[in-house]
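Listed here are the chains, written in short residue letters.
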Amino acid sequence: MNKSKYVAEHKLFTFQPAEDSDYIVWEEMEIGKRVTKYTDWFKSNSVNPKKYNFKKYINEGNGFESIVEGHVTVQIFDKKIDTLFRLTWL
């Protein structure tokens, strides 16, 4: 019997990606600062780090638009933790 794994993904915030490679480290530090409140929440609720994951996406637009936007999401791999997260943050 193969049990399917639970995965939920929630968009946390958007950001303007750095266009210059010299600013990539700064961008990562700024994203880290904005993610800290969520990691602190997971820690204060004794959530195992294997039960969640943060992902960064960058949408470079299409051929018609030059809009570049990024966003950060959190993936949660436990239904109970996801429910608590939704009640707290969404």
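Our subject is the structure that appears above.
Residues numbered from 1 in each chain as written. Predicted model: local features only at pLDDT ≥ 70, side-chain atom pairs only at ≥ 80, totals over all residues. Heavy atoms only, no water.

*Asks:* Explanation requested: the sheet that holds strand β1 (residues 8-15) in the structure shown.
*Replies:* Strands pair in a sheet through their backbones, by hydrogen bonds, and they do so in one of two ways: parallel or antiparallel. Strand order in this open sheet of three strands is β1-β3-β2, and the pairing throughout is antiparallel. Lying at the two open borders of the sheet, with one neighbouring strand each, are β1 and β2 (52-59). Adjacent strand axes in the sheet meet at a mean angle of 25° when their direction is disregarded. Pairing of β1 with strand β3 (residues 69-76), which is carried by seven bridges, proceeds in the antiparallel orientation. Each residue of the ladder has a partner; that of F13, found in β3, is V72. The sheet contacts of helix α2 (residues 79-89) involve β1 and β3, and relative to β1 the element is tilted by about 35°. (Pairing = 2+ DSSP bridges. Helix = DSSP H or I, 4+ residues; strand = E, 2+ residues; numbered from the N terminus. Axes fitted to C-alpha atoms, helices over the stretch in contact; angles between N-to-C directions. Contact = heavy atoms within 4.5 Å.)

*Asks:* Explain the nonpolar core here, please?
*Replies:* Taken as a class, soluble globular proteins show a tendency for nonpolar side chains to be buried jointly. By size, the foremost hydrophobic cluster in this structure holds 15 residues, and its most contacted members are L12, F13, F42, V72, V74 and F85. Listed by contribution, the elements that provide at least two residues to this core are β1, α1 (24-44), β3 and α2. In terms of residues, this core owes the most to one element, α1, which gives five residues. Those residues in contact with F85 that sit more than four places away from it in its chain are H10, L12, Y38, W41, F42, V74, I76 and L90. (Core = buried A, V, L, I, M, F, W, Y, C linked by side-chain atoms within 4.5 Å. Buried < 20%, exposed > 50% of the residue type's maximum accessible area, 1.4 Å probe, protein only.)

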